[in-house]
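A look at the structure
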Amino acid sequence: MKKLLLASTSTLFGERYLEYILQDVALFFKDVDTVTFIPFARPGGISHDDYTEIAAKAFAKIDKKVIGLHTYKNHKEGIDQAQAFFCGGGNTFVLVQQLYSQNAMQHLKERITNGTPYMGTSAGSNIAGITMKTTNDMPIVYPPSFDTMHLVNFNINAHYLDPNPNSKHNGETRETRLKEFHAYNSTPVVGLREGSFLLVTANKIELKGKHTARIFEVNKTPYESKTIDF
């Protein structure tokens, strides 16, 4: 039975890492002692060790130990031994490229599908969808596929931003970009605002946090929703 916590971001403005969601994380991981951290997205190019240390400090506040998946010579072994997973944000292209390079994407999916708890933030949430095609990130590396774990039957657009009516910027809005996606793809997209997260148990999906989600479906006008039901 799948058990997922998929957050738009790890850090809200003016707060510490995972601070806004930490009590929900404690409840989500209540049955495990150790969480295997997947640091491959490397925000800002940070090292795997330094990124894992950031996660470890946050999880120590809820009495959980963190071990980095990168510390295993064979990532499949690390995935096999994991009690639970947390995949942090950063660059989705880098994350997906690294998972494929270690032949870990499918194996990670299998463990999660069979009930190992999985938490993702930002890029880590993106890879829970059908593809990574609705990421906001620059393609700084070239993964062999845009297909991701298909743990939910839609894509996620993390850090979703509403158009600013006072902006003088003439570039595309996030909504415009997602309309471009639907010119070539039929996958629904959940625009997940910062401070919001999805809690998935089996096939039940709950939207948590103070915001609604912005829903994008092919050939439909985007709309707001407090429920996710495709």
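Before going into details, it helps to say that this report is about the structure given with it. (Residues numbered from 1 in each chain as written. Predicted model: local features only at pLDDT ≥ 70, side-chain atom pairs only at ≥ 80, totals over all residues. Heavy atoms only, no water.)

Attention now goes to the sheet that holds strand S5 (residues 118–121). Read from one edge to the other, the open sheet built from 7 strands follows the order S3-S2-S4-S5-S1-S8-S9, with strand pairing classed as mixed. Of all the strands in the sheet, just strand S3 (65–68) and strand S9 (204–208) have a single pairing partner and so form its edges. Each strand axis lies, on average, 20 degrees off the axis of its neighbour in the sheet, ignoring direction. Across 3 bridges, strand S4 (residues 85–87) lies against S5 in parallel orientation. What sits directly across from phenylalanine 86, in S5, is methionine 119. Packing against the sheet, helix H2 (residues 48–60) makes contact with strand S2 (34–38), S3, S4 and S5, and its axis sits at approximately 165 degrees to S3. (Pairing = 2+ DSSP bridges. Helix = DSSP H or I, 4+ residues; strand = E, 2+ residues; numbered from the N terminus. Axes fitted to C-alpha atoms, helices over the stretch in contact; angles between N-to-C directions. Contact = heavy atoms within 4.5 Å.)

Our next topic: the pattern of salt bridges. Note on pairing: side chains with opposite charge can pair once their charged atoms come close. Applying the stated criterion across every chain, the model contains 11 salt bridges. A salt bridge links aspartate 31 to lysine 30; the shortest N-O distance between them is 3.4 Å. Of the residues examined, aspartate 31 reaches a relative accessible area of 62% and is grouped as exposed. Taken together, the shared-partner salt bridges connect Asp162, Glu175, Lys179, Arg193, Arg214 and Glu224 into one network. (Salt bridge = Lys/Arg side-chain N within 4 Å of Asp/Glu carboxyl O. Buried < 20%, exposed > 50% of the residue type's maximum accessible area, 1.4 Å probe, protein only.)

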